[in-house]
Structures are given as C-alpha cells and as structure tokens.
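Per-entry structural report
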Amino acid sequence: MPSSEGAARFDVIVVGAAQRLLQAHPETHLAILERDYCVGGVWSERRNYPSFWTQWTHGIAEFSDMEMERPPPEDCMHDLFRAKYTTEYLEKYVDFMEHAGQPLRERIQFNTDVQKIEKINGEWQLLCVDTASKVRRSMSAPRLMMANGTSVPNMPDFPGKAHFQGKIIHSIDYGQSDVVQDKSIQHVAVIGAGKSAADMVYETVKAGKTVSWIIRKTGNGSLGAAAFAPIDLPTPYRNGVEASQARIMASLQPCYFIPYRSWWTCLLHSTSIGAKLVTKVCSALDNTVRKYAGYRERKSDKGFEKLEYDNEIIWQNGTAGGCHFTDFWPLVAEKVYVHRANVKLLSGNELYLNDEDGTHFSCDAILCGTGWSPGFQMFDNSTLIELGLPYPKDLEPQEETAKWEKLVGDADKQVLKRFVMLRRPPKHYHRHETRTPYRLYHTMAPVRDDSILFMNYIVAGAKLFTAEAQAIWAVAYWDKAFPLASVAEREADIAHMIAWNKRRYLSNGELGNFAAFDSVPYVDRLLDEISVTRHREKGWLGNMFAPILPADLGKVWHQYLVRMNKEPLECRLRYPNTNAPMI
C-alpha cells in the first residue's frame, strides 16, 4: 500500500452528511467522508436498478430546505416513485447547498474508506484509504459525527465458493452488474428474505431467468420470510406513508416515546379494552396483507406457500417492506422455486442445499440480499465499550453487566406496567444477540463523551425525516442550547429504550435501536427536548390528525436559528432551481 499523506486537521469530521451543522456554523472547517464515488448510500447512482422503487412517498422523501419535484406519472405508483429520483434529488442537493461560498459537494471527500478511528489526547484520529489510488492519509478533529449507518455488506461465506464457476453478487453491487443482460446467465439463486432480495427475484424472473429463492428456515438465527404489504392499503390519508406521519396513527402503537399523560394513550395501551382494540386493528391489517399475497390460495408447484411470514406485522419480528408490483405474487407463485434451507455447498455450476431432499440445481449466479452490518469495524473493542456501542457480551466487565441488568430490569417493570399488549407477546422464534445493545442517549450520544455523535443508527420508517430531526438535535446538543439531563437520568432513559425495544420488537429489539413504526413520536421527543414548537402549531385537531412533514422541520429549524441569533434561511429551494417560501 502506498505510504500515508500528511495529516489534516479539521474542526469537525463527518462520516456521512452535515448540512444542518454547516447552516448553523458556516465557518466550520469541516470534512465529509464518503466511501463511494457518489452520494446517496443505498440511494446512490451505483446501487440503482430498474425495479428499485422507494418505500416513501413524494412530500415525505425530501429535506425541509429543498422541495422535491414530483416525478412524472409513469414513474409513480400511489405517490411512491422510482428510486432514481431520490438519487437525482440528493445529487442536486449537494450541488445547490452552499455555505461560506463553498457548495456541499466540494466539502465531500469521495472514495475515502475510514479504516481506523481512535481518540488520542482529546482528538479523534482517523486513518483513511483512498479506494481508487490506495493512498493512505490521516486526519484529526476534536469532534466527530458518524453518519455511515449500517454500511458494511453482510456477505455469506458459502462452502466451496472458491470452486464456484458462476457469479456471487451482493445487492450493493447488483445495480452495476450485468446479471439481467447476460444471456449466458440462465439459472439464478437469490439468497435472503427482505426487500432487496424480492426486488432481485422480480427483476430476474421478468428477464426470463430460472429463479430459485432461498430463505433459511426460521430458527438458528433466521427470522424467516418477510412480510410485503401492498402499497395501496386504504387509509383516510393520501397513502399509507402519509398516514404514518400523523400523531393519531402513531398513537395506536405501544410506544414509550409518547408522553404518558394522555387519556387516549392510557385507554389504548394501559387497559385491557384498549389493548384488545389495538390488537384487533393490527390483526385486520395483517389479514389484508396475507390475503393479498395469497400464500395458501395461489396454485403453485414450486413451494410458494413457504413464503408466508410467521408473526403479525405489528410485532416486526423479522423483515418487512412494500409490494410495489401487482404481478409480483402471481409471477412468483407461477415461476419462482422457493426453498427454505441453507446453502450446503457450491461446486462448479451446481448449488447444493441442506434440506431433507438433498436439493441441488444448476446455478450461474448467486444474488445475495443478505443485509448489512453496523459500520463499527474502524473502532477497537475498548472504544466500543467506552462509547456505549454494541460489542461482544463476553468482553463486558461483570460490574458493567450487573449495572445494566439492574437498570433495564427496573425499566422493564415500567414498560409492562404501562403497556398491556406487551405483557403477552405472540409465540415466536427469538434470535438472541451476542452483542450488547446500543447504550447511546436517543441512539445518538454517548453518555460520557460529548465529542462524538452517531447519526441514523436508529431503525426508523421515515428515514430522511428522522435523519433531519436528528441533525437539528445534534446541532443544538453541540451548541449546548438546552439543559442536558444528568448522567444517571440519561442512563435510565437508555435502559428504558432497551427494555421497551425487547418487549415491543422482540428479536429486532435486541440491540435497542429499532423504531419501525415510531418515527413521529421519536422526532417529537427530540424537538421537545430542545424546546422548539413550530411543528406543533396547527391547533389541537391539526396537531393530532395532520401529517408531520419535512416542511414542519424547516419551521422548527428556522425557529432554532432565530433563537440562537443565527441568520435564518429566507427561502426553501424548489427543485431544481426556483424559490418558494419556506414558512
């Protein structure tokens, strides 16, 4: 590897994105590090493919300071749209946003892989490698913001892969591959249960390939098949995503982010009658999803019935997503071979499964929709422990284990006292974690080190919306613009989050960072703590029933800047280049 360049020093280093910080402090000497050659992460140009559609809708899928133009009708379905328009939006965003005369794009250091991070003498030291030139360089800053999320592909280690003559591709590289176009690839195996796996199944079978969909049996670490809900479920709102942005809909969830002071939430979640009502509503929704898929009704000789998921969607004890295409389930039932097994061996162009029948078949390409791992590989275990990030449980000091067991145990009693529904979880396979949960305040801030923040590590439904609210809170946190709770109070709150997560989201709650149906209460909690209120100024009915939109976050941000005697934004950019009032 070529030798390291000289170290560079910054005020703040961001592994991810930093727009709000620059708006409040445009003079900040800041570096933004991006591992890829383009912006967007999962929405980047490199990862796009034709059947990739958003699971968020127009009007939600934007930041408050730049409106997204609605995609053309042929590229929209029930307000959802092709993912390439989010890619285009993000690319335009980094070009249009300018601070201290410098566009956001010019602050981004592309092709930068952060390999090691450690804190030395109060400074964060980063060792990076240019993924193109392989040149190493180091940099440092007193403050660090990690916004890389779950960025490491989880790639299975298939027995015999060294002797496999076909292609093995993770979903991160699927958009750049030629699997669909390559006529020599006729037999495709797709590994995984989630949305990326489903997309690859759909696209390859539409291209005329022979497709086998392989999902591990429930158990031994596998949570089984995924639930895919139709995108046109009826609601009183324009669409289901908009409905989920209304507090009235959020109040149906047994969510500890919602303050325990409303007669309505007390009725729904602290009484048997309310819990039965919530359960009935959720079961009706789940039955609609199962009926739409037709797991047991559709005729199939290829194992289609094996795709039925185990637990009701409300519990999220597995993966879930939206079903965009009306022909998805009929096509899969008719043409896709479904197997519930592990890959036992690869040999030549043959794939062997470990099922009871000893199934094996020809395979020219394996497509892995096998998910992601948290991007913490650059920290050593001692740093993970100090910051409150997940690390192997067998490394935890005994006194630390005892401390958190006591805190979480006390919090669990409060959770069960408040939420009747969570006292009786469904029968389910529970996948236990070998790592400790996140012990970060609001899943962002270490309790004993205020020089580093972790953004977008909470698993929330409305990703851009939640990310922007986190960014506003992060600026206020580093500005010391609100009184921070004591260490003991923050640790108690973290324990409450962990206890509630395990009860509410079962296996997916083991790490304490899951909030699939709780974006709005989570955002409310962040904004309430920094005492901004503009998102709550719609009147009683509006506050309860109107969806909370990115524009509402813009009003909050404007309020914060005025309060801090910063120059507020005077306009909201309308994509691509015209102005519209922000407030």
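Residues numbered from 1 in each chain as written. Predicted model: local features only at pLDDT ≥ 70, side-chain atom pairs only at ≥ 80, totals over all residues. Heavy atoms only, no water.

**Comments concerning the sheet that holds strand E21 (residues 343–347)**
Read across the open sheet, the 3 strands follow the order E21-E22-E23; overall the sheet is antiparallel. Each having just a single partner strand, E21 and strand E23 (360–362) make up the two edges of the open sheet. For this sheet, the mean inter-axis angle between neighbouring strands, taken without regard to orientation, is 20 degrees. Taken together, the 4 bridges between E21 and strand E22 (residues 350–353) define a ladder with antiparallel strand orientation. The partner of Leu-346 across the bridge, within E22, is Leu-351. (Pairing = 2+ DSSP bridges. Helix = DSSP H or I, 4+ residues; strand = E, 2+ residues; numbered from the N terminus. Axes fitted to C-alpha atoms, helices over the stretch in contact; angles between N-to-C directions.)

**Re the confidence of the model for the protein chain**
Overall, the predicted model of the protein chain reaches an average pLDDT of 91, with 95% of residues at or above 70. Considering only residues more than four positions removed or in separate chains, one finds that residues 1–5, a stretch of pLDDT under 50, has 16 contacts. The low-confidence segment residues 570–583 (pLDDT under 50) makes 38 contacts with residues lying over four places distant or belonging to another chain. (pLDDT = per-residue confidence, 0-100. Contact = heavy atoms within 4.5 Å.)

**Describing helix H14 (residues 487–505)**
An α-helix turns once per 3.6 residues; consequently, residues spaced three or four apart project the same way. Taking 1.5 Å per residue, 19 residues should reach 27 Å; H14 reaches 26 Å between its end C-alpha atoms and fits that length. In the stretch just after H14, Leu-506 is the one whose phi turns positive, near 55 degrees. (Expected span 1.5 Å × (residues − 1).)

**Section: the environment of Val-459**
When you line up the elements, Val-459 lands in strand E27 (residues 459–460). Sequence separation between Val-459 and Gly-512 is 53 residues, and the spatial gap between their C-alpha atoms is 9.6 Å. Residue contacts for Val-459: discarding those within four places in its chain leaves Asn-513, Phe-514, Ala-515 and Ala-516.

**What to know about the environment of Val-94**
Relative to the helices and strands, Val-94 is located in helix H2 (residues 84–96). When near neighbours in sequence (up to four residues on either side) are disregarded, Val-94 contacts Val-39, Pro-103, Leu-104, Arg-105 and Ile-108.

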